[in-house]
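# Report on the structure
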Amino acid sequence: MLESAELVLNPRLDPGEHLLWIGKPRSGIRTRSQDVFLIPFSLMWGGFAIFWEFMAITGTQKMRHPSPFAPSIFGVPFVLIGLYLIVGRFFVDAKMRARTFYGVTNERVIIISGLFSQQVKSLQLRTISDVSLTEKSDGSGTITFGPTPFGNFFGSGSWPGGNRNAPPSFDMIEHAKEVYETIRRAQKSASANG
């Protein structure tokens, strides 16, 4: 796992730059804090959409509607959105995390991600103003770079593109506090050398 992260990150390094830490987010299907609200919402949305679609299909057959597909086609997008919210978003989130790589160098923080194409985000250690750590009892956690906007309900993993306004982060990493301390030391060193 980390060997693949190193293979992805090494070609992106500048001359004289070296990796201090490499990592990836936790893999597999995971729930997030916003799922406390999103799971009940998605079940209500999906349940209603499926019920409505079922009633539209069975109702048009009983009424011998001239175009039996017209009322039932209207509900298809709502059913698809409901299915995505109930099940699909967990698989999309897992796939996105599988294609995400993190690195801390002596000069910057690097985040490589993307579902269909690679996006590289690079943050200079000297210019990162806010670095915050959210740690769980098992030592895993998230390190966020920059202020967190209020009301980011549809954060990472909920909806494609929903996290574009969220600050960059090392999401769901192991040994989060150790990585946080590595970043803080690298920031101090970069400021002293700069």
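Residues numbered from 1 in each chain as written. Predicted model: local features only at pLDDT ≥ 70, side-chain atom pairs only at ≥ 80, totals over all residues. Heavy atoms only, no water.

## Brief notes about the overall build of the chain
Along its length, the chain carries five helices and seven strands. Going from N to C terminus, the chain has its helices and strands arranged as α-β-α-α-α-β-β-β-β-β-β-α. Looking at the 194 residues of the chain, the share that counts as buried comes to 39%. Across the chain, the fraction of contacts at a sequence separation of at least 24, relative to all contacts at a separation of at least 6, is 64%. (Helix = DSSP H or I, 4+ residues; strand = E, 2+ residues; numbered from the N terminus. Buried < 20%, exposed > 50% of the residue type's maximum accessible area, 1.4 Å probe, protein only. Contact = heavy atoms within 4.5 Å.)

## Description of the nonpolar core
In this structure, Ile 143, Phe 145, Phe 170, Ile 173 and Ile 183 are the most contacted members of the largest nonpolar core, which totals 18 residues. Elements represented by at least two residues in this core include exactly β2 (101–105), β3 (108–113), β6 (141–145), β7 (169–173) and α5 (176–193). The greatest single-element share of this core, amounting to six residues, is contributed by α5. By size, the runner-up hydrophobic cluster in this structure holds eight residues, among which are Leu 9, Leu 13, Ile 22 and Ile 110. (Core = buried A, V, L, I, M, F, W, Y, C linked by side-chain atoms within 4.5 Å.)

## Looking at the packing of aromatic side chains
Applying the stated criterion across every chain, the model contains five aromatic pairs. Their ring planes at 40° and their centres at 6.2 Å tell us that Trp 45 and Phe 78 sit as a pair that is tilted. With a gap of 33 residues between them, Trp 45 in helix α2 (residues 35–63) and Phe 78 in helix α4 (residues 76–98) connect regions that are remote in the sequence. Clustering of aromatic rings is evident, with ring pairs tying together Trp 21, Tyr 102, Phe 145 and Phe 170. The aromatic ring of Phe 101 is capped on one face by Lys 24, whose charged end is 4.2 Å from the ring centroid. Geometry around Phe 90 places Arg 89 over its ring, the cationic atom sitting 4.3 Å from the centre. (Phe/Tyr/Trp six-rings, centres within 6.5 Å; stacked < 30°, edge-to-face > 60°. Lys NZ or Arg CZ within 6 Å of the ring centre and 35° of its normal.)

## So, the sheet that holds β7
What the three strands build is an open sheet, ordered β5-β6-β7; its pairing is antiparallel. A single partner strand is all that each edge strand has here, and the edge strands are β5 (131–135) and β7. Going from strand to strand, the sheet's axes swing by 10° on average, the running direction of each strand aside. Here three bridges tie β6 to β7, and the two strands are oriented antiparallel to one another. Within β7, the residue paired with Ile 143 across the bridge is Phe 170. Packing against the sheet, α5 makes contact with β5, β6 and β7, and its axis sits at approximately 170° to β5. (Pairing = 2+ DSSP bridges. Axes fitted to C-alpha atoms, helices over the stretch in contact; angles between N-to-C directions.)

## A closer look at a nonpolar patch on the surface
Together, Phe 48, Phe 51, Trp 52, Phe 54, Met 55, Phe 74 and Phe 78 line one region of the surface with nonpolar side chains, adding up to about 780 Å² of accessible area. Residue contributions to the nonpolar patch peak at five residues, all from α2. (Patch = residues over 30% accessible without salt bridge, like charges linked within 9 Å, V, L, I, M, F, W, Y side chains within 5 Å. Areas by Shrake-Rupley, 256 points an atom, 1.4 Å probe, with all protein chains shown as cover. Salt bridge = Lys/Arg side-chain N within 4 Å of Asp/Glu carboxyl O.)

## A few points about unusual backbone geometry
Residues other than glycine seldom take positive phi values, yet Met 172 does so here, at roughly 55°. The phi angle at His 175 is positive, at roughly 50°, despite the residue not being glycine. Tracing the backbone through its elements, the reader meets His 175 in the loop between β7 and α5.

## Description of the pairing of β6
Within β6, five of the five residues are buried, leaving the element largely enclosed by the surrounding structure. In this sheet, β6 lies alongside β5 in antiparallel orientation, the contact comprising five bridges. The partner of Glu 135 across the bridge, within β6, is Gly 141. The hairpin turn running from β5 into β6, its antiparallel successor, is five residues long, and Gly 139 in that turn takes a positive phi close to 95°.

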